[in-house]
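Below, each chain spelled out in residue letters.
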Amino acid sequence: MRPAGSRRSLLGLFVRPSVHERPTPVELEVTQHPEPEEPPEPEAPAAHEFDPRPPAHGAAAGVGTAHCPPVHSRQPLVFRVREHISPGWRLVFALVPFVVALAWWLWFTAGEPEARHISPTVLPSPAEVVSGVPKLLGPQQLLPNVLLSLIRVLGGFLLAGVLAVPLGIAMGSFSKIGSLFGLITTFLSYLPIAAIVPLTIAWWHTGEKQKVGFLAIGTFAYLLPLVVRQINAVDHQYLLSAYAQGASVWQVVRRVLIPIAMPDIFNGLRLCLGIGWTYIVLAEVVKEGEGVGGVGNLILVAQRMNQMETIYLTLVAIMIVGAFLDRTCVMLQRWFFPWVQRGDNGEAGAPPRRKRKSTAVRKPLRGGEVA
Amino acid sequence: MSAPRPPVLESVGVAKEFCRPGQAPFLAVTDLNLTVADVERRGEFVCIVGPSGCGKSTLLQLIAGFDTHLPPSRGELRFYGKPVTAPSADRGMLFQQYSCYPHLSVLDNIAFGLRLHAKALKLSGSEIVEGAMAWLKRVKLAEGDAGKYPHELSGGMRQRVALARCLALKPRCLLMDEPFSALDEPTRLEMQDLIVDLWSQIDATVLLVSHSIAEAVYLGDRVWIMGAAPGTIVAEFTNVPLPDPEVPAMVAQSGPRFAEHVDEVSKAFFAVLQTPREELVPIHADGSGMNKPAVGAT
């Protein structure tokens, strides 16, 4: 048994000696230490003996520290939830699908073109694809085409950003403006982007205006709701703090709402740049004349000439450029918004305000008169 | 004595009902009759305790003058004799959470209020930085923390920054809505020491909402107990001994005298909790109520 003296001194930390009759000290004693009277461990096992029971709470925890009991993890050995893995292993795991795909590809496309499981017009062999690289970089001019597409995407993206970010901020900040455009925004986000290509050609023919216009519309439709949502997500308590210091409406919008939402708005921009980059192919449908060129055009021409390897290579190039754009945006994000907390893998993580607690003031209540 | 100064805060029969479309109207607070006098050379320190959801925060936000709460549905709320119509830099407010702007460094956070009013206060950029630096030191933050962002700080340090930001504008009234509730116990005691220390330096009336009776008794010279919603103040303890700035909170709160005072307030608090709402009588409504004259008169 635990000696009585030690228990009193332990409780002394929690229960202040009081002059008055306090209503609860006895209950406190019981609730704080539910098992003080529990029969103690019969005999602490000797250090060298293996004790299969899980380490007991209380007094037994400090006994036998020389012997570390084995860890009984509930997690399986191979797949552990949120396991930390080293960058090296990360890379190894990332490369596995590529290796598997390459092996599968080599095996399926081995042998003479006529004897293969898959016809080379559907899937050329790796060697055939690699042999297409010089042609793609040379006469087919991959890099100038990529650059041309990139400029179109950036043009459309900038146009959409210049329109959507201020409008979204205004809609998120001022409920009346939000209501004014809210319904249209909802409709707009269900706009099938691919289907408006014929429309844009009808409006602007096939020149650069059509490409940039198409991408601007597509990006705008995605971006606007994102901006509104991020402004709405700024916790109301930040606004109250600013109001309490006598900030005007304009000061609150400019010094609190916009800067706090900006990292997430930037994240939305990054997302939309990626979407724009994948949609460019749809806009570049002209084979000759005004507005020719671009990666989409490259694919279209290759399709007509039955050059499957060019299509595959161009797709790979589009993905590589997309990934590069994304990484650049992430780096810019770190540069612009050093206050944003980052997750474990270097991605921009949730800023502190996302940790919601129930006590936070959510939406302002609307004050009304007593009838 | 010169001419009597108007009370810092005066509330006459204030009630607030919230109406949300599609929901029944909700009476958050009612029958608030209170006066906080402007004590010479120092304000009063009023602590408000009550069950959760009883309208403590609503009361503070009414006083702060947020337009989501104004005007009161009934009664009148006056600050230094003038009706409260809008938030003002005179009334600083400190919240439990989200207290620091995440995009500003510690120094910029403290300077936030000064920058808002730079023109009116005729402050230059360097004066603002100096002022913010001085407050940084007064809330016992290290100079090296000036450039840090809030996410790099502990909860206690964040509350220090928020406190400095409030006080930098020299408010005549400081409203604190459970400012230490999210902190661990040692940090809480540290923050209490800081408040006691700063309060002896600034000339401001403080209204502090707390869920801890011990905290309320320790810090306040007046403790109000609010009943369940619709919230109203049903008991008042005046002349609660003020803490001695020389004695750390941990020491001061371990004495038997202190325990006695906490006990007295706790008993009243439990009595309020066990009384049905309809039987609770707001204080000062007609001079009656559960108004206790004093606690532990010395």
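Residues numbered from 1 in each chain as written. Chains lettered and ligands numbered in written order. Predicted model: local features only at pLDDT ≥ 70, side-chain atom pairs only at ≥ 80, totals over all residues.

## Thoughts on the confidence of the model for chain A
Residues and elements named next belong to chain A.
Piece 1. For chain A, the mean per-residue pLDDT works out to 77, and 71% of the residues sit at or above 70.
Piece 2. Low pLDDT, under 50, characterises residues 1–36; the predicted model gives this stretch 21 contacts beyond four residues in sequence or across chains.
Piece 3. Throughout residues 343–371 the model reports pLDDT below 50, and contacts reaching past four residues in sequence, or to other chains, amount to 53 contacts. (pLDDT = per-residue confidence, 0-100. Contact = placed C-beta atoms within 7 Å.)

## Brief notes about the sheet that holds strand β4 (residues 74–79) of chain B
Residue and element names in this part refer to chain B.
Piece 1. Here we have 4 strands laid out as an open sheet, ordered β2-β1-β4-β5, and antiparallel in their pairing. Because the sheet does not close on itself, it has two edges, and the strands there are β2 (26–36) and β5 (82–83).
Piece 2. Sheet analysis places strand β1 (residues 9–18) next to β4, joined by 5 bridges and oriented antiparallel. Looking at β4, one finds that L9 is bridged to F79. (Pairing = 2+ DSSP bridges. Helix = DSSP H or I, 4+ residues; strand = E, 2+ residues; numbered from the N terminus.)

## Focus: the environment of L273 of chain A
Residue and element names in this part refer to chain A.
Piece 1. Assignment of secondary structure puts L273 in helix α11 (residues 249–283).
Piece 2. We classify L273 as buried; it has 23 C-beta atoms within 10 Å.
Piece 3. Here the alpha-carbon distance between L273 and A261, two residues 12 residues apart in the chain, equals 18 Å.
Piece 4. Ignoring sequence-local partners within four residues, the contact set of L273 consists of F157, L325 and C329. (Buried ≥ 20, exposed ≤ 12 C-beta atoms within 10 Å, placed from the backbone.)

## Here we look at the domain arrangement of chain B
All names here are of chain B.
Piece 1. According to the domain assignment, chain B consists of domain 1 (9–100 + 173–291) and domain 2 (101–152).
Piece 2. For domain 1 versus domain 2, the distance between C-alpha centres works out to 28 Å.
Piece 3. Facing 4 residues of domain 1, the contacting portion of domain 2 comprises 9 residues.
Piece 4. For the side of domain 1 that touches domain 2, a count of residues per class yields 4 nonpolar, no polar and no charged. (Domains from an automatic or database assignment. Nonpolar A, V, L, I, M, F, W, Y, C, P; charged D, E, K, R; others polar.)

## Observations concerning the packing of helix α9 (residues 208–232) of chain A against α11 of chain A
Residue and element names in this part refer to chain A.
Piece 1. Direction vectors running N to C along α9 and α11 enclose 150 degrees, while the axes themselves pass 8 Å from each other. The angle between the axes of α9 and α11 places the two elements in the roughly antiparallel class. Between α9 and α11 the crossing geometry is right-handed. For the pair α9 and α11, the contacting residues are Q210, K211, F214, L215, G218, T219, Y222, L223, L226, V227, Q230 and I231 in the first and L257, A261, D264, I265, G268, L269, C272, I275, G276, Y279, I280 and A283 in the second. (Axes fitted to C-alpha atoms, helices over the stretch in contact; angles between N-to-C directions. Parallel < 35°, antiparallel > 145°, perpendicular 65-115°, else oblique. Left-handed = near helix turned anticlockwise from the far one by under 90°.)

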